[in-house]
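Next come the chains, spelled out residue by residue.
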Amino acid sequence: MLRRHSQRIYSLVGLIVRGKREAFVVGHDWGAQVAWYLCLFRPNRVKALVNLGVPYQPRSPVSKPIPLLTKMFGEGLYISQFQEPGRAEKAFSKYDYVTIMKKFLLIDAPDLLAAPPGVEIIDFLETPSSLPPWITEEDLQFFASKFQISGFTGGLNYYRAMDLNWELLGPWQGAKITVPTKFIVGDKDLGFQSFGTKFYIEGEEFKSLVPNLQVVVIDGHHFIQLEKAELVTNEIISFFSNQSLV
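Just so we're clear, the structure is a prediction, and the values are computed from it rather than from any experiment.

*Asks:* Quick one: what's the story with the overall build of the protein chain, residue by residue and with numbers?
*Replies:* The secondary structure content of the protein chain amounts to 15 helices and four strands. Here the protein chain has roughly 12,900 Å² of accessible surface; of this, 56% comes from carbon and sulfur atoms.

*Asks:* Run through helix α15 (residues 229-240), naming residues and quoting values.
*Replies:* Over its twelve residues, α15 runs 16 Å from end to end, which matches the ideal 16 Å to within 8%, given 1.5 Å per residue. Turning to α15, its buried residues number three or more, namely Val232, Glu235, Ile236, Phe239 and Phe240. Relative to the axis of α15, the buried residues are bounded by an arc of 120° and lie together on one face. Elements that come into contact with the buried residues of α15 comprise β1 (23-28), β2 (46-52), β3 (181-186), β4 (213-218) and α14 (224-227).

*Asks:* How would you summarise helix α6 (residues 97-105) if you had to cite specific residues and measurements?
*Replies:* The buried fraction of α6 amounts to seven of the nine residues, a majority that puts the element mostly inside the structure. In the core, the buried residues of α6 are packed alongside α5 (87-92), α7 (121-124) and α8 (137-150). Where α6 starts, the residue carrying a side-chain oxygen 3.1 Å from the main-chain nitrogen of Val98 turns out to be Asp96.

*Asks:* I'd like a description of the sheet that holds β4, backed by residues and values.
*Replies:* Taking strand neighbours across the sheet as the criterion, the four strands line up as β1-β2-β3-β4 in an open arrangement whose pairing is parallel. Looking at strand neighbours, the two that pair on one side only are β1 and β4, the edges of this open sheet. With strand direction ignored, the average angle separating the axes of adjacent strands in the sheet is 15°. In the sheet, β2 pairs with β3 via four bridges, with the strands oriented parallel. Among the inter-strand pairings, Val50 is bridged to a residue of β3, identified as Lys182. Seen against the sheet, helix α2 (residues 30-41) touches β1, β2 and β3 and runs at an angle of roughly 155° to β2.

*Asks:* Quick one: what's the story with the packing of aromatic side chains, residue by residue and with numbers?
*Replies:* The full count for this structure, using the stated rule, is 21 aromatic pairs. Their ring planes at 50° and their centres at 4.7 Å tell us that Phe41 and Trp172 sit as a pair that is tilted. Of this pair, Phe41 sits in helix α2 while Trp172 sits in the loop between α10 (162-168) and β3; the two residues are 131 residues apart in sequence, bridging distant segments of the chain. Taken together, a centroid distance of 5.0 Å and an interplanar angle of 75° make the contact between Phe73 and Phe195 edge-to-face. Residue Phe73 is located in helix α3 (residues 65-73), and its partner Phe195 is located in the loop between α11 (190-193) and α12 (197-202); the two are separated by 122 residues in the primary sequence. Take Phe73: its relative accessible area is 24%, and that puts it in the partly exposed class. The ring centre of Trp166 lies 4.2 Å from the NZ or CZ of Arg59, which sits over that ring.

What counts and what doesn't
- Residues numbered from 1 in each chain as written.
- Predicted model: local features only at pLDDT ≥ 70, side-chain atom pairs only at ≥ 80, totals over all residues.
- Heavy atoms only, no water.
- Helix = DSSP H or I, 4+ residues; strand = E, 2+ residues; numbered from the N terminus.
- Areas by Shrake-Rupley, 256 points an atom, 1.4 Å probe, with all protein chains shown as cover.
- Expected span 1.5 Å × (residues − 1).
- Buried < 20%, exposed > 50% of the residue type's maximum accessible area, 1.4 Å probe, protein only.
- Arc of directions from axis to C-beta.
- Contact = heavy atoms within 4.5 Å.
- Polar contact = N/O pair within 3.5 Å; in protein donor to acceptor, adjacent residues only side chain to side chain.
- Pairing = 2+ DSSP bridges.
- Axes fitted to C-alpha atoms, helices over the stretch in contact; angles between N-to-C directions.
- Phe/Tyr/Trp six-rings, centres within 6.5 Å; stacked < 30°, edge-to-face > 60°.
- Lys NZ or Arg CZ within 6 Å of the ring centre and 35° of its normal.

Right under this line is the structure:
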């Protein structure tokens, strides 16, 4: 993942350098992770950051993430199930691509995304019978068509590289994100409700690692940029338009 992030970061830095100025950056989910690392490695290239859904997490000085998460939440945790190469891909192959999109994009699960013993996470997730107003069948068909070409291994490899990233990030232990940042998250986002994330975001540790931080919690789920498009857009524009940042 860090290697993948590094490739994307180098590409982003290249684009920014070509523009001969600092950039305003927006990220969501794994894109947020790329943006966090961009700001960590090359803060001089980023004027300001807005990240959605996934906060900057401190690196444990002693524990790799996968053994720790599996010990805490069990083998049925989606991150743990994704570790074995080919396992999730095989489980996914029982479903058409649109159904997989529905299962993951429209998750309706308990506050922890973990399957019971002996059950694959893709089987555990229900397929919603109807769509919310912020996404259409055409949207899902479009997303599915992209994965039909690429498969799911590239995305799953992000999870499979989490321990490697932990090792490679050692030199940045305790490092802070100094770029002016706004973090936006939906209060019904599964990630916000799991792993103690809500308490971390609303507490002091997150702000200590990202000192120049604004946190905005809005009514919404994980894909808030779709669900609450106008509100999120206004939050981004207002932050980037701040005269102290321009």
